[in-house]
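The primary structure of each chain is shown beneath.
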Amino acid sequence: MSAQKRILSGIQPTSESFHLGNYVGALKQWVALQDGNDAFYCIVDLHALSGEIDPTLLRKRTLASAAQLIAMGISPEKSTLFVQSQVPQHNQLGWIMECLAGIGEASRMTQFKDKSAKGGADSARVGLFTYPMLQAADILLYQAHQVPVGEDQRQHIELTRDLATRFNTRFGDTFRIPEGYILKSGAKIYDLQDPTAKMSKSSGSTSGVLEIMDTPESNAKKIKSAATDAQREVKFDEKAKPGISNLLTIHSTLSGKSIADLEAEFADNGYGDFKGAVAEVVVEYFRPIRAKALELLEDEAHLLSILHEGSRKAREVAAETINTTYRNLGIVQ
Ligand code: TYM
């Protein structure tokens, strides 16, 4: 038997650029896990409809997402890169997951609570509430062993496991119970201006968010003006020095140097020198990725053909799971 694992993960096309949190928390692992595994990576455009809907932007952002993923190293030869809406089985299984989930457990999802609180609970839409059940369907359709995500998705993975277990117990073995693949360090990257809040596409200001497609000058400036504490010692201490600790995590992940080595390297320097070094590491790391993504965006037909081919492969796997699921539910086919 092959030791290959089925990997599945998704990202929302809600911005023209992914941010550094997406990369460190999830996308870097997407690239690494392609080798030796059977990976499925999905641009979850249906999930993106649970926020503001702008048709022109959705199209643009879906293509920009594909270009960035390929530029980062997601290879259409090694893994299956596809668009969620092109695989209708996601909606089919999503409905079944909704019929399995309780209103109580869905109401406990912290992402729903946070997001619906932001715009006022009355203006939140039903799609935001049912979002985690569609996410469960994304994962279970592919019988994934592992789901590489950042810390903020832990609760959604737990719900997915609960729903899969419930289904298997009631209707017979149908779904593999997936595991989250969540890093110990880097699973939560913080906003540069408010290092107690997660770096996020939806944060009010972009001054603390490092966007991969932003210019090197702009990103260097954001890092150099990152909020730190009043001391001058470069030391990892998340409680007392959240800003410096965040920058240490970012440098360490991208440069491959350990946090201890970085602390030693900058022992005699102040924060200014250290921030300059972080800026250099970040800018040089993303420079070729940004250039490659911009180049890929020039040829829309090529990007679309990669996505169509990925979606075709994804539909084959998804159709098998839906057939078994329907059969086990007594749905006449
Ligand atoms: P999304 O699109 O918000 O984010 C994509 C990935 O980036 C991670 N991430 C972070 N990691 C570390 N620090 C941060 N500040 C940070 N911000 C974001 C997220 O954890 C995620 O892994 N619900 C998902 C999309 C989704 C999905 C799926 C994921 C839909 N279906 C199936 C996995 C499997 C989301 O909103 O991710």
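Residues numbered from 1 in each chain as written. Predicted model: local features only at pLDDT ≥ 70, side-chain atom pairs only at ≥ 80, totals over all residues. Heavy atoms only, no water.

Undergrad: Please set out the site of the ligand residue by residue, giving values where relevant.
TA: Around the ligand sit 28 residues in total, of which Tyr131, Gln135, Asp138, Asp152 and Ile189 are the nearest. Glutamine 12 has a polar backbone atom sitting 2.9 Å from an oxygen atom of the ligand. Between tyrosine 131 and the ligand, the recorded distance is 2.7 Å, taken from a side-chain N or O atom to a nitrogen atom. Taken by itself the ligand offers 710 Å² of open surface, and the protein chains cover 97% of this. For the shell around the ligand, the elements supplying multiple residues, two or more each, are β1 (6–11), α1 (20–33) and α7 (126–140). Of the residues that constitute the shell around the ligand, the class distribution is 11 nonpolar, 12 polar and 5 charged. (Near = heavy atom within 4 Å. Polar contact = N/O pair within 3.5 Å; in protein donor to acceptor, adjacent residues only side chain to side chain. Areas by Shrake-Rupley, 256 points an atom, 1.4 Å probe, with all protein chains shown as cover. Helix = DSSP H or I, 4+ residues; strand = E, 2+ residues; numbered from the N terminus. Nonpolar A, V, L, I, M, F, W, Y, C, P; charged D, E, K, R; others polar.)

Undergrad: Can you tell me about helix α13 (residues 300–329), naming the residues and giving the values?
TA: Under the 1.5 Å per step criterion, the end-to-end length of α13 is 41 Å for 30 residues, consistent within 8% with the ideal 44 Å. Just past α13, the residue glycine 330 takes up positive phi, approximately 80 degrees. (Expected span 1.5 Å × (residues − 1).)

Undergrad: Pulling in residues and values, what's your account of unusual backbone geometry?
TA: Even without being glycine, glutamine 143 reaches a positive phi, approximately 50 degrees. When you line up the elements, glutamine 143 lands in the loop between α7 and β4 (146–148).

Undergrad: With reference to specific residues and values, describe α7.
TA: Compared with an ideal rise of 1.5 Å per residue, which puts 15 residues at 21 Å, α7 spans 22 Å between its outermost C-alpha atoms and is within 8% of the ideal. Along α7, the sharpest kink reaches roughly 40 degrees, centred on proline 132. Counted residue by residue, α7 has 13 buried out of 15 residues, so it is predominantly covered. (Bend = angle between axes of the 7 residues up to and from the residue. Buried < 20%, exposed > 50% of the residue type's maximum accessible area, 1.4 Å probe, protein only.)

Undergrad: Can you break down the nonpolar core residue by residue, with the values?
TA: Counting residues in hydrophobic clusters, the biggest one holds 58 residues, and the most contacted among them are Leu20, Leu69, Leu254 and Val282. At 12 residues, helix α12 (residues 271–297) tops the list of elements feeding residues into this core. Non-local contacts of leucine 69, meaning those with residues more than four positions away in its chain, are made with Ile11, Phe18, Leu27, Trp30, Ile43, Ile74 and Leu81. (Core = buried A, V, L, I, M, F, W, Y, C linked by side-chain atoms within 4.5 Å. Contact = heavy atoms within 4.5 Å.)

Undergrad: Outline the pairing of strand β2 (residues 38–43), listing residues and values.
TA: Buried residues dominate β2, accounting for 5 of its 6 residues. Pairing geometry for β1 and β2, over 6 bridges, is parallel. When the sheet's bridge partners are listed, isoleucine 11 is paired in β2 with isoleucine 43. Assessed by its sense of winding, the connection that carries the chain from β1 through α1 to β2 is right-handed. In this sheet, strand β3 (residues 80–83) lies alongside β2 in parallel orientation, the contact comprising 4 bridges. (Pairing = 2+ DSSP bridges. Right-handed = clockwise from strand over helix to strand, strands pointing away.)

By themselves, these figures tell us nothing about what the structure is for.
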